[in-house]
Every structure is written in C-alpha cells, then in structure tokens.
Amino acid sequence: MQILDGKLASAAILESLKNAILSSSTPNGRTPHLCAIIAGNNPASESYLNSKIKGCAATGITSSIIRLDADISENEFIQQIEKVNNDQSIDGLLIQFPLPAHFNESKIINAIDPSKDVDGLHPVNAGKLALGLPTFVPATPLGIMLLLEYFKIETTGKHAVVIGRSNVIGRPISILLSRNEPFGNATVTVCHSRTSNIKDLCLSADLVVAALGKPGFLTADMIKEGSVIIDVGINSVPDSSKKSGFAIKGDVDFESVAPKCKSISPVPGGVGLMTIAAILQNTLLAYQNKFKFKS
Ligand code: NAP
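Only a predicted model underlies this, so the values are computations on that prediction, with no experimental measurement involved. (Residues numbered from 1 in each chain as written. Predicted model: local features only at pLDDT ≥ 70, side-chain atom pairs only at ≥ 80, totals over all residues. Heavy atoms only, no water.)

A. Structural context of the overall build of the protein. Secondary structure assignment for the protein yields 10 helices and 11 strands. For 295 residues, the compact-globule estimate of 2.2 N^0.38 gives 19 Å, and the C-alpha radius of gyration of the protein, at 19 Å, lies within 12% of that figure. Considering only C-alpha atoms, the protein reaches an extent of 55 × 40 × 35 Å along its principal axes. Within the protein, the fraction of its 295 residues that count as buried is 49%. Within the protein, counting contacts between residues at least 6 apart in sequence, those at least 24 apart form 70% of the total. (Helix = DSSP H or I, 4+ residues; strand = E, 2+ residues; numbered from the N terminus. Rg over C-alpha atoms; globule rule 2.2 N^0.38 Å. Buried < 20%, exposed > 50% of the residue type's maximum accessible area, 1.4 Å probe, protein only. Contact = heavy atoms within 4.5 Å.)

B. Examining the packing of helix H1 (residues 6–23) against helix H6 (residues 139–150) more closely. Here H1 crosses H6 at 95 degrees, and the two axes come no closer than 10 Å. Considering the angle they form, H1 stands roughly perpendicular to H6. Only Leu146, Leu147 and Tyr150 of H6 make contact with H1, whose side of the interface consists of Gly6, Leu8, Ala9, Ala12 and Ile13. (Axes fitted to C-alpha atoms, helices over the stretch in contact; angles between N-to-C directions. Parallel < 35°, antiparallel > 145°, perpendicular 65-115°, else oblique.)

C. Region of interest: the sheet that holds strand E4 (residues 92–95). One open sheet accounts for 3 strands, arranged E3-E2-E4; its pairing is parallel. Here the strands that pair on one side only, and so sit at the sheet edges, are strand E3 (62–68) and E4. Averaged over all neighbouring strand pairs, the angle between strand axes comes to 20 degrees, with direction disregarded. Where strand E2 (residues 33–39) meets E3, 7 bridges bridge the pair, whose relative direction is parallel. Residue Ile37 lies in a different strand from E3, and its bridge partner there is Ile66. Where helix H3 (residues 74–85) meets the sheet, it contacts E2, E3 and E4, and its direction lies at approximately 175 degrees from that of E2. (Pairing = 2+ DSSP bridges.)

D. Local environment of the side chain of Thr275. Within the secondary structure layout, Thr275 lies in helix H10 (residues 271–294). Judged by its relative accessible area of 14%, Thr275 falls in the buried class.

E. View of the packing of aromatic side chains. Evaluation of the coordinates by the stated rule reveals 3 aromatic pairs. A ring pair is formed by Phe77 and Phe103, whose centres lie 5.1 Å apart and whose planes are at 70 degrees; its orientation type is edge-to-face. In this pair, Phe77 is assigned in helix H3 and Phe103 in the loop between E4 and helix H4 (105–111), connecting sequence segments 26 residues apart. Here Phe77 and Phe103 have matching classes, each one buried. (Phe/Tyr/Trp six-rings, centres within 6.5 Å; stacked < 30°, edge-to-face > 60°.)

F. Broad picture of the environment of Ile223. Summarising the element assignment, Ile223 is placed in the loop between strand E7 (207–210) and strand E8 (228–231). Expressed as a C-alpha distance, the spacing of Ile223 and Val208, which sit 15 residues apart in the sequence, is 8.3 Å. Ignoring any residue separated from it by four or fewer positions in sequence, one finds Ile223 in contact with Cys202, Leu203, Leu218, Ile229, Val257, Lys260 and Cys261.

Structure below.
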C-alpha cells in the first residue's frame, strides 16, 4: 500500500513555484502578492490561514491579511473586497471561510474580481472550468489533481466515484477527472446524500474521492481491493488523548481501508497540504496572467 504523501508532493510543488518566482522577471520587479480577508477569529480558520501565509513566505510570494470583526456588515466586507480588486499591487484574493453567519456567501463570491479569484469560486471561473477553458481551478480539487500527477496515478478509463457534490470540491473534481486531459479521462460517478447505493458504487470504483464531511464514512467493506482512495475530509472529533481535546479525522476509516487499497492519501498530511500548494500556484498564475495581459 502506497501513502499519497501530501508533504512530499506539496514540498516539490513549493520548490518549483519558488524557482519559477525567482526566475520570473516583471516590468516593475515585484513578486506575486496574495491578499487574504478574514472576519472574526475562528481558531481553525486562523490555523489554515497561517499555513497559507507560511507557504507564501516559503515560495517568495508577498502576503497580506485584512482582518475584520465577525460582526462587520456584508456591505463593509464587500467594500474591502473591492479595495483589493482595485489594488494593482495585489494579484490574488483569498476569502477565508467560513464567513460570518449573517453573510450571503454567493454575494461575497460574486464580488471577487474573477482575475484575482485564486480559490476559483467565482461563477465566471466555475463556468470556464465546466467548459474546459483555462481558468483558476478551485484549490482543493486542483490540489487533488496535483497529488495524482505527482504520484502518477493512472485515471484514464478508470471508474472514479466522487462522494460529495459541493461547488468547492465534489462538483469541480468530478469535472476535472472526466476531462479529456492527463489525469482525467475517468468515468465519473458523483454521489450525494440522496444516493441510494453508495456502497455498490464504491465497490465498483478504481478511485474514490471522499469529500462529504463525515468522519470515517468510507470503510473497508465499501471499497474494491487495490483501489485508490483520496480522503478530502477534515473533521474535528473529540479526542481526550490530545492536549486540544480534539483530533482531525478524514472521511475515510484509514485503519481498515489502508490495508485493502493500493494507494491512500492520509489526513492530516494529504489533500490539505496540496490545497495550500494549489492556492500558491493559482497566485503565480494570476500574476503571470496580469503581466501577460499588459505586455
Ligand atoms: P459540503 O459543502 O458540506 O458538501 C458535502 C457533500 O457531501 C454534499 O454534496 C452532501 O450531499 C454530501 N454528503 C453529505 N452526507 C453524505 C452521505 N451520508 N452520503 C453521501 N453524500 C453525503 O462539504 P465540502 O465543503 O464539500 O467539504 C467536504 C469535506 O472536505 C469536509 O470534511 C471539509 O472539511 C473538507 N475540506 C477539506 C479541504 C482540504 O483542503 N482537504 C478543503 C475544504 C474542505 P448533498 O449535496 O445531498 O447535501
């Protein structure tokens, strides 16, 4: 059984991004700049944001954070987005989720300039992805594709089952896996909470992407011997043995599934790290696009 080690794969991507940034010459000599906006002080959001900022530092990307109160109005938040949209020194804009409960998520996403949308959430970018046009691919699905590419996981002609149909993970990864592209060309089945025969579908899958947000959902009896398992879940579960009182668990029951499958991405240390690498890669893309447009 092979561990699809996100530490290894993301380190390689960060190294190549660092080299690309070092060797990129821009008209004004500045490096790519990623700006994050966060409202409130949710500890998990802070920790995710920290990892992204660390990744920026490691690759030579300039980073900045706009910190706002959790009770900020939606309009004030959008004004901050517009400020970043209009700031020519910023290439990528990242909104740290979850948003305050009183926000309308799609209103916020719609306010992002699609050319700075390094999380690939804006409808313009989602539409381009669906049409197979060049765009910002949402960070977690892009991270999964980079992981498959790094470990040379063959997907052509395979049956891939994606559990989850969210706009940020399930839907885009199902599009990517079915594209006529390297590490695509799979036959994809998308499952959701109303799919009646998930176990049968998973048992016929060569590749399962578990992205439903239910700790330990995918168990050994649900998978085919020798299949590839990508665990996207990040679930906080109570664990008295930890100082924090909780542990991070994936959507896959790693202990039972690992011995039966061919390859598996662990949680933590798998897709989460690839998501950060993907955001940095998208930031470099935003920067390259900007200077290409201007030349
Ligand atoms: P989400 O928006 O809540 O979507 C969950 C999807 O799973 C929905 O489509 C839902 O179906 C489906 N689902 C829920 N229960 C199910 C069940 N029992 N059987 C089959 N399908 C079921 O979640 P998300 O944002 O996509 O995130 C999914 C997981 O990935 C979460 O654990 C999240 O924390 C994690 N995540 C990881 C990363 C990373 O970097 N690794 C990044 C973001 C999120 P319906 O559509 O029918 O409701």
